[in-house]
Every structure is written in structure tokens, then in C-alpha cells.
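# Report on the structure
These are the residues of each chain, in order.
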Amino acid sequence: METERADFLVRGAMVYNSYFKKFVPADVSVSGGKFLYIDSRRSGAVEADETVDAEGLYMVPGLIDIHMHIESSMLTPGAFCRRLAECGVTTIVSEPHEMANVNGMQGVLDMIRAGENSPVDIFYGIPSCVPSTSPELETTGGIITCEEMEGLKENPWVACVGEVMNYRTIIRENQLEITRFLKQLREKDRIFPIEGHCPALLDLDLAKFLYLGINGDHTEHSLEELEQRFANGMFMEIQEKMLRREVLDYIREHGLEEHFCFVTDDVMADTLCIQGHLDALVRRAMELGMPAEQAVYNASFTPARRMNLLDRGAIAPGKIADFLLLSDLDTFAVSATYKNGKCIWRRGQDEREQPAQEQHGPDRGQDMRFPEPYYHSIHLEFQEQSQFEVPMESDSGTVMVRVMEIQDGSTKTKEIIMEMPVRDGFLKWEGTGCLLAAVFERYGKGQAVGYGLVTGDCHKRGAVATSYAHDCHNILVAGANPADMKLALNRVIEMQGGMAAADGGRIQAELPLHVGGILSDRPAKEVGASLARVREAMTGLGYRHYNPIMSFCTLTLPASPALKLTDKGLIDVKACKIVPLKVEGQRTQP
């Protein structure tokens, strides 16, 4: 019998077939970075110089995450993707709108450049909403215009339009840059994926959003909202906070497995180092009762199809040879990760001996240093304690004020109205059960400061400050007393970006984020350890939330319900307008 030659052969694995959603014993040959033959007969028809003995192992396609943001990890692209290789993720679609908010189009291009030597494939989403709402509601370091979006569309590594976040505005008459771009895009390309962000939209409003061609959503929903999205043809991307038994049961009962995939959206460095990435969602789905065969399918095949990445996502002839070897299917334990037929990570090897390091060099991080202005991006002077005095029109009495209530389990806030005393012309917020929050404009564009109040599952003493504040990345500080607020805020300014937690006149924990005020160029484990200390400090100050970092850092995101805070002031998200701290017409006397 005539034999074929290949570059290497994986012998004896239980190989996942995406089309039948089952495992079969087979020998798999790879040639030129692509799968050549999946030999379920184990006939020996293909020979290779290199053979991998995979008896007792499971072979699955490389995981594909199509909705995520590298900046959410607070790591540079190279450090982030080296950790992804350990998690079995071989392709991502990242939308760099965080860095775009810091530095506009140049920020996008510099993120793309920084990821060029990554061991995994990084595709990109076009940042569609920079700022996330409008310049009237928040100040950013840059904006992305329609013409710049058109230019990015021509980049071969751009796979989609990134999430359209100004979902309330875009379904009304508007002059948004993204509205202009979508109109032009659909005249030229009818199949280019357009990602959405539309929490709480229902009925006609949802239909108007879909009518614009925005046909994917990754946000948190009730079952009613989920049902309407599936019923109207929207592709659903299930992230951790939507990964619930009732959601998976609904998908299974209605046969909707072809119309969703798993995504991570935002994974922070400490979570990435301890729990993993997309592999953690696969494990969680299996814990909730989803068969492993289905979980693998929705972490590889359906995301590839959604993004028109039809050259990957399955172990089949002609597909890119991205795959994992698992030592245990039930725990999804990755033993080795292969990209384009080359091993990029192998369990048990020292980090310096990993194949990805050997291919790209141990000092690869040196090549990813951002231009010098990114390391001096906080244009804000040190602040005085008097900044945390909130003037009122009256000298005394009480006023009714708007308060952002944080609730564990969600990054959404609830607006509540509370009565608060006024003395000597200033709001006396200390001791009321509320924190004072302030957002300082950091880009040197007017030095505006917005004030708000926070209660609920937030910290109860001390203060926390951060320049990692979605999506504008101005500096947010919230605290129970002005002294600790000043300390935490000025430490973030001194570090040229980062997070700091203070209590009793001392910094309890900090994380420097020198690159644009939102990233660190240090290794993942080092960043993860520092972030874990900040998380622990926040918990020690009384923060009660499944993800205190994200809960806190999205208080400034006016695209997420219901009441948020920017440098312009409090934002009523549904109404898309600035609202005063004091509720007019509801002042009471002592």
C-alpha cells in the first residue's frame, strides 16, 4: 500500500468530530500546518518523521473566543496570549476599544502591533463606540470616526464590527459615527458580523436594533430577554454571568445549540492565572450538566462559524491544525496546545522551556513595549482633600439625592433616592451609609470632576481609586472619608495609572498600570498576584460582590444600566442624559 508523508502524526487519541459531536479513536496527520487525514481506521496510510503518542488522551479543536477584550486582563497582548496557550485557547477576536478610549485610532494600531508575535491568532473587532455613548456624556482620550472604521475594515486581521454599545441612542434619530459606518457597510458587505451590546432591550426597541444589522449580543439577560433574542435570529454569546443552569436548560429544550457560543468578554489577570480562560467556561458548563461533546462544540465550532473563520474550529482535512490534547475530559485538563501544527505549550515544562518561548525568544516582551507617551498618560495634578466637599445651594436642612446601589451578582446598578443632610452649604455624606464617588478627567481636556454617591454591596470603609474605569478610563475614586480618598487618588496619579486601596491613612494594596493607565507590561503571574491583593483589600474593606474589581470599575460605564458616573456627572443610562445629584423639587426641611 502506498503511503503519504506528513509533517507529524498524532497517534491513538480519542479525536473529537465536530460534525457528529462525538469522539472516535483515530490517528491524525498534519501537513503544512493543516490537518491532512483523520484516520479512524488507523490504517497506517500516512507516515511522518515526528510522531506524538496520544494513547489515553483526548484531542479537541483549539478553543476560540470571539468576544473579549485583552485590556480587561490588564496585560499586554503578548503576556496575555502566552497564558491563553496554557488554557487551550488558540484564536481570539479582541476588540481594543479600551485602548481606543485612551488614545483613539493610534491606540488600536498600537494594540495590533503589540500582538503581532503572539503564539495564538488575534483577530480584531472594529471599535464602534468610542466613546461608549457620546462626548456630551463622557470625556475620552480619543474618538473613532466612520472613516477610521472603514480603514480598519480593510485589515485582514479584522473579523467583525465590535460591540455597538450606544444601543439606546442608535435606535433613535442620531448623528453617531457608527450609524454612518453601518449604513455604508451593509451596502458593501452583507455578511460581515456586527456585535451588539443591548441589555434590557425588548420588543420594538430590540427589533429596531436588529434592523440595523447588529445580530450578536453577549450581555446579561433575563430568560424573557434571551427568548426574544433567539426568536429574532440573534446569535447569543454566553459569558460567565449568563452561565446558569436555567439558561443552558432553555437552550437544550429548544434546540438552540447552533445559535450560541461561549465567550469570556472580560477576564482579569488574577482570575486568568488561577481559574483560566475559555477553558473555565467549558468546565463550568459541564458541571452544570452540559455534555462535554456539546461544550467543546460551542467553544470551537459555533464561534468559528459566527466570525466566518471557516478555516478552523474542527479537526478535519484542510482545517488549520489548532488542537489540544487533554489528559482528562471531565475536568478539561489541557496537556498540550498546538497552533498551526506546532506545539506552543506543554504541561510540566518550565516556562522558559515552553515551545512558544523557544519559537519567539525569552525576551519577546521587550518587543512589545508601547511608545513612550503611553507611560505618561495621566495628565492630572495631585488633588487636595477639599475636592471631596460637595456644595449644595442651601446652608442647612436635608436634600433628596440620587444614589447608585451596587448589587452582588451583577455589574448593573440600581438608582435609589435617599435623604441626606446639608450643613454649612455642603452635603454631609459621611456616616450616611453611602460612599462619595468622584470621577476626575485625566486627559487634560478641561479637568472636569463628576460626583455621585454609592451604596449597597460596595466597600464600607477606606477608599478605592482606579484609572482602569470602563470605558473612558478617567480616574474613579470612591470612599467613606476624604482623607483615604485623597490618598488613594493621588497614589494612582503618582503611579501614572493603576488601582489603589487605602484605609486608615495607609495604602493597603496597589497595582501599577503604567501603559496608558490600563495595562501592565509585567508577566501575567506578577500582575495577577498584585491584582489579587487589591481584590483582597477591597473585600477586607467590606466589598461584597462576586467580582468586586469589575463591579467597581464599571461604575463609570454609561452603556450599562441604570445609573452611572462620568466626569460629566451622573448618567441616566436609559434616558441617555446627565441628571443632577440632587433630586429637584424633593428638598425637605429639618
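All of these numbers come straight from a predicted model, not from anything done at the bench.

### Focus on the layout of surface pockets
- Considered as a void within the structure, the second largest pocket measures approximately 790 Å³ in volume.
- Around the second largest pocket, the lining is made up of 40 residues, and of these Q239, D266, Y546, N547 and M550 lie nearest the centre.
- Those elements that place two or more of their residues in the lining of the second largest pocket are α2 (97–114), α9 (269–274), α10 (278–287) and α15 (524–540).
- Here the lining of the second largest pocket spans two domains, since at least three of its residues come from each of domain 2 (61–349) and domain 3 (385–578).

### Quick word on the state of the cysteines
- Per the counting criterion, the structure on display carries zero disulfides.
- For C458, which is in no disulfide, the shortest distance to another cysteine sulfur is to C434 and amounts to 7.9 Å.
- The buried category is assigned to C458, whose relative accessible area is 2%.

### Things to note about the UniProt feature "domain: Amidohydrolase-related" (unreviewed entry) in the protein
- Here, the residues flagged by UniProt with the feature "domain: Amidohydrolase-related" (unreviewed entry) are residues 58–342.
- End-to-end, the C-alpha atoms of residues 58–342 are 17 Å apart, and along that stretch the chain is 38% helix and 19% strand.

### A short note on the sheet that holds strand β26 (residues 563–566)
- A sheet is described by the order of its strands in space; here three strands give the open sequence β26-β27-β28, paired in antiparallel fashion. Two strands lie at the open edges of the sheet, namely β26 and β28 (577–579), each paired on one side alone. Strand after strand, the sheet turns through a mean of 45 degrees between neighbouring axes, direction not considered.
- Two strands pair when backbone bridges link them, and β26 and strand β27 (residues 569–572) are joined in this way by four bridges, in the antiparallel orientation. By the bridge assignment for β27, K564 is matched with I571.

### Some points on the nonpolar core
- Judged by nonpolar contacts, the single largest core of 169 residues is most densely connected at F209, F262, F332, L427 and L453.
- Ignoring any residue separated from it by four or fewer positions in sequence, one finds F262 in contact with I64, D65, I238, L243, L248, L278, L281, A285, M290, A295, N298 and A299.
- Grouped together as the second largest cluster of nonpolar side chains are 19 residues, F8, V52, I315 and A336 included.

### A look at helix α14 (residues 482–494)
- An ideal rise of 1.5 Å per residue puts 18 Å on 13 residues; α14 measures up with 18 Å between its terminal C-alpha atoms.
- If you check which residues of α14 are buried, you get P482, D484, M485, A488, L489, N490, V492 and I493.
- In the core, the buried residues of α14 are packed alongside β20 (435–440), β22 (463–466), β23 (475–479), β24 (498–503) and β25 (506–512).
- Between the side-chain oxygen of the N-cap and the backbone nitrogen of A483 there are 3.3 Å, and the N-cap of α14 in question is N481.
- Following α14 by one or two positions, Q496 has its phi on the positive side, about 60 degrees.

### Details of the packing of helix α7 (residues 223–231) against helix α8 (residues 245–253)
- Interaxial distance between α7 and α8 falls to 11 Å at its minimum, and their mutual angle equals 30 degrees. Between α7 and α8, the angle falls in the class roughly parallel. Where α7 crosses over α8, the handedness of that crossing is right-handed. In this structure, α7 uses L223, L226, E227 and F230 to contact α8, whose residues at the interface are E246, V247, Y250 and I251.
- Classifying every residue of the contact of α7 with α8 by side-chain character gives six nonpolar, no polar and two charged.

### Side note on helix α6 (residues 203–211)
- Considered for burial, the residues of α6 that qualify are L206, F209 and L210. Across the axial projection of α6, the buried residues extend over an arc of 95 degrees, all falling on one side. Away from its buried face by more than 90 degrees, α6 exposes L204 and Y211.
- Its buried side turned inward, α6 meets β9 (158–164), α4 (167–170), β10 (194–196) and α7.

### Focus: the sheet that holds strand β21 (residues 449–456)
- One open sheet accounts for nine strands, arranged β19-β18-β17-β21-β20-β23-β22-β24-β25; its pairing is mixed. Edge positions in the sheet fall to β19 (426–427) and β25, since each has one partner strand and no second.
- Where strand β18 (residues 413–423) meets β19, two bridges bridge the pair, whose relative direction is antiparallel. Paired with V422 across the bridge in β19 is L427.
- α14 contacts β20, β22, β23, β24 and β25 of the sheet and is inclined by roughly 155 degrees relative to β24.
- Strand contacts of α15: β22, β24 and β25, with the helix running at about 145 degrees to β25, the strand carrying the most contacts.

### Here we look at empty space enclosed by the protein
- In the structure shown here, the tally under the stated rule is three cavities of 30 Å³ or more.
- Estimated volume of the largest cavity: approximately 60 Å³.
- Contributions of two or more residues to the lining of the largest cavity are made by β6 (63–68), β7 (89–94) and β9.
- Considered class by class, the residues forming the lining of the largest cavity number four nonpolar, five polar and three charged.

### Considering the UniProt feature "domain: Adenine deaminase C-terminal" (unreviewed entry) in the protein
- Mapped onto this structure's residue numbering, the UniProt feature "domain: Adenine deaminase C-terminal" (unreviewed entry) falls at residues 412–575.
- Along residues 412–575 the backbone is 22% helical and 35% strand, and the end-to-end C-alpha distance reaches 15 Å.

### Some thoughts on the pairing of strand β5 (residues 58–61)
- Alignment of strand β1 (residues 4–17) against β5, held across two bridges, turns out to be parallel. Looking across to β5, one finds that V15 is bridged to M59.
- Here β5 pairs with strand β14 (residues 323–328) via four bridges, running antiparallel. Within the sheet, the bridge partner assigned to V60 lies in β14 and is L324.

Conventions used here
- Residues numbered from 1 in each chain as written.
- Predicted model: local features only at pLDDT ≥ 70, side-chain atom pairs only at ≥ 80, totals over all residues.
- Heavy atoms only, no water.
- 1 Å grid on protein atoms, 1.4 Å probe; cavity = no way out; pocket = protein on both sides within 12 Å on 5 of 7 lines; lining within 4 Å.
- Points joined across faces, edges and corners; volume = space filled by probe spheres on them.
- Helix = DSSP H or I, 4+ residues; strand = E, 2+ residues; numbered from the N terminus.
- Domains from an automatic or database assignment.
- Disulfide = S-S within 2.5 Å.
- Buried < 20%, exposed > 50% of the residue type's maximum accessible area, 1.4 Å probe, protein only.
- UniProt positions renumbered as here; feature names shortened; annotations may be inferred.
- Pairing = 2+ DSSP bridges.
- Axes fitted to C-alpha atoms, helices over the stretch in contact; angles between N-to-C directions.
- Core = buried A, V, L, I, M, F, W, Y, C linked by side-chain atoms within 4.5 Å.
- Contact = heavy atoms within 4.5 Å.
- Expected span 1.5 Å × (residues − 1).
- Polar contact = N/O pair within 3.5 Å; in protein donor to acceptor, adjacent residues only side chain to side chain.
- Parallel < 35°, antiparallel > 145°, perpendicular 65-115°, else oblique.
- Left-handed = near helix turned anticlockwise from the far one by under 90°.
- Nonpolar A, V, L, I, M, F, W, Y, C, P; charged D, E, K, R; others polar.
- Arc of directions from axis to C-beta.

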